[in-house]
Amino acid sequence: GPKVLQIPSHQIIDMGQMVTLNCDPVSNHLYFYWYKQILGQQMEFLVNFYNGKVMEKSKLFKDQFSVERPDGSYFTLKIQPTALEDSAVYFCASSLGLGVEQYFGPGTRLTVL
Amino acid sequence: GDQVEQSPSALSLHEGTGSALRCNFTTTMRAVQWFQQNSRGSLINLFYLASGTKENGRLKSTFNSKESYSTLHIRDAQLEDSGTYFCAAETEGADRLTFGKGTQLIIQP
């Protein structure tokens, strides 16, 4: 099936530092998403993104978070500054349109020390 | 409360047997996806349903939006079916997936 790639697979950083998580979505997809999963538990929606703009975000999408996709390159999630509670696995997803199947990347495990 | 209630939270099956997982929704959902999360943490798409029933090999899923539930049936379970299964649904008017808490499935020889 369609593949979403995420780089890096693991990232360890010190609290207060900035981190950028990268997502390479399915090539013809137009909608992009970030989700957060803590300790293999429930997956929580963070944000979705279309046509260069955030369409919808949850309360988990703190002011320290930002997303962008400059010129069709990686879809990125930046956290600046990081906090201990940001430790989680972050999953990127993409879809061709609204109300259709979302495809997920393998996740980036972020550890904030 | 949770919009997506998934059950059971854990299930152990012997190879060759089968069972059903279920998600109940507390609000109207327009579609549901089912995923298997494997031991490496990757999410594998199993089904996407806006209504009705789909079947793929030993798996079958049903989504009934009027009665607010979806099921995933597994038959003739194999060892590689072990993992955590999630349902995730799209709320009407929102472009996001709301996930259940998952079912940890263990297949025993």
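None of the values given here were measured: they were computed from a predicted structure.

(A) Region of interest: the nonpolar core. Counting 23 residues, the largest nonpolar core has Trp34, Leu46, Val67, Phe75, Leu77 and Tyr90 of chain A as the members making the most contacts within it. Listed by contribution, the elements that provide at least two residues to this core are β3 (19-24), β4 (31-37), β5 (43-50), β7 (65-68), β8 (75-79), β9 (88-95) and β11 (108-112) of chain A. Apart from residues no more than four positions distant in its own chain, Val67 of chain A is found in contact with Trp34, Val47, Phe49, Val54, Phe61, Phe75, Thr76 and Leu77 of chain A. Trp34, Leu49, Tyr85 and Ala89 of chain B belong to the second-largest nonpolar core, a separate cluster that totals 22 residues.

(B) Expanded view of the pattern of salt bridges. Evaluated as defined, the whole model comprises four salt bridges over all chains. Across the pair Asp86 of chain A and Lys62 of chain A runs a salt bridge, and its minimum N-O distance is 2.9 Å. Of the two residues, Asp86 of chain A is situated in the loop between β8 and β9 and Lys62 of chain A in the loop between β6 (53-57) and β7; the sequence distance between them amounts to 24 residues. Under the relative-accessibility criterion, Asp86 of chain A is labelled buried at 1%. In this structure, the salt-bridge partner of Glu90 of chain B is Arg30 of chain B, at a minimum N-O distance of 3.0 Å. Taken together, the residues Glu90 of chain B in strand β9 (residues 83-91) and Arg30 of chain B in strand β4 (residues 29-37) connect sequence positions 60 residues apart.

(C) The arrangement of the pairing of β4 of chain B in detail. Residues and elements named next belong to chain B. In terms of residue burial, β4 counts as a mostly covered element, since eight of its nine residues are buried. Two elements, β4 and β9, share eight bridges in a ladder whose sense is antiparallel. Note on β9: the bridge partner recorded for Gln37 is Thr84. In this structure, β4 lies alongside strand β5 (residues 43-49), joined through six bridges in antiparallel fashion. Residue pairing across strands places Trp34 opposite Phe47, the latter belonging to β5. Linking β4 back to β5 in an antiparallel pair, the connection comprises five residues, with Gly41 at a positive phi of about 95°.

(D) Examining the sheet that holds strand β1 (residues 5-7) of chain A more closely. Residue and element names in this part refer to chain A. Strand order in the open sheet made by the four strands is β1-β3-β8-β7, with antiparallel pairing throughout. The open sheet has two free edges, formed respectively by β1 and β7, since each of these has just one partner strand. Here the average twist between neighbouring strands, direction ignored, is 20°. One ladder, built from three bridges, connects β1 with β3; its direction is antiparallel. By the bridge assignment, Ile7 is partnered in β3 with Asn22.

(E) Local environment of the interface of chain A and chain B. Contacts between the two partners involve 22 residues from chain A and, on the opposite side, 18 residues from chain B. In total, chain A and chain B occlude about 1700 Å² of area from one another, counting both sides; carbon and sulfur atoms represent 46% of this. Put simply, chain A and chain B have one salt bridge between them. Remark: the boundary between chain A and chain B carries eleven residue pairs in polar contact (both at pLDDT 80 or more). Going through the elements one at a time, β4, β5, β6 and β10 (103-104) of chain A are the ones with two or more residues in the side of chain A that touches chain B. Partitioned by chemical class, the residues of the side of chain A that touches chain B number eleven nonpolar, eight polar and three charged.

(F) Region of the structure containing the environment of Asp14 of chain A. Residue and element names in this part refer to chain A. Locating Asp14 in the fold gives a position in the loop between β2 (10-13) and β3. The spatial distance from the C-alpha of Asp14 to the C-alpha of Pro81 is 9.8 Å, given a sequence separation of 67 residues. In this structure Asp14 touches Thr82, Val112 and Leu113, once residues within four positions along its chain are discounted.

(G) Structural detail: the sheet that holds strand β6 (residues 52-56) of chain B. Residue and element names in this part refer to chain B. Across the sheet, which stays open at both edges, the five strands sit in the order β1-β3-β8-β7-β6 with antiparallel pairing between neighbours. Of all the strands in the sheet, the pair left with one neighbour each is β1 (4-7) and β6. Here the strands of the sheet are splayed against their neighbours by 15° on average, with no regard to which way each runs. Inspection of the sheet shows β1 paired to strand β3 (residues 19-25) by four bridges, in the antiparallel sense. By the bridge assignment for β3, Val4 is matched with Phe25.

Rules of the game
Residues numbered from 1 in each chain as written. Chains lettered and ligands numbered in written order. Predicted model: local features only at pLDDT ≥ 70, side-chain atom pairs only at ≥ 80, totals over all residues. Heavy atoms only, no water. Core = buried A, V, L, I, M, F, W, Y, C linked by side-chain atoms within 4.5 Å. Buried < 20%, exposed > 50% of the residue type's maximum accessible area, 1.4 Å probe, protein only. Helix = DSSP H or I, 4+ residues; strand = E, 2+ residues; numbered from the N terminus. Contact = heavy atoms within 4.5 Å. Salt bridge = Lys/Arg side-chain N within 4 Å of Asp/Glu carboxyl O. Pairing = 2+ DSSP bridges. Axes fitted to C-alpha atoms, helices over the stretch in contact; angles between N-to-C directions. Buried area = accessible area lost by both parts, 1.4 Å probe. Polar contact = N/O pair within 3.5 Å; in protein donor to acceptor, adjacent residues only side chain to side chain. Nonpolar A, V, L, I, M, F, W, Y, C, P; charged D, E, K, R; others polar.

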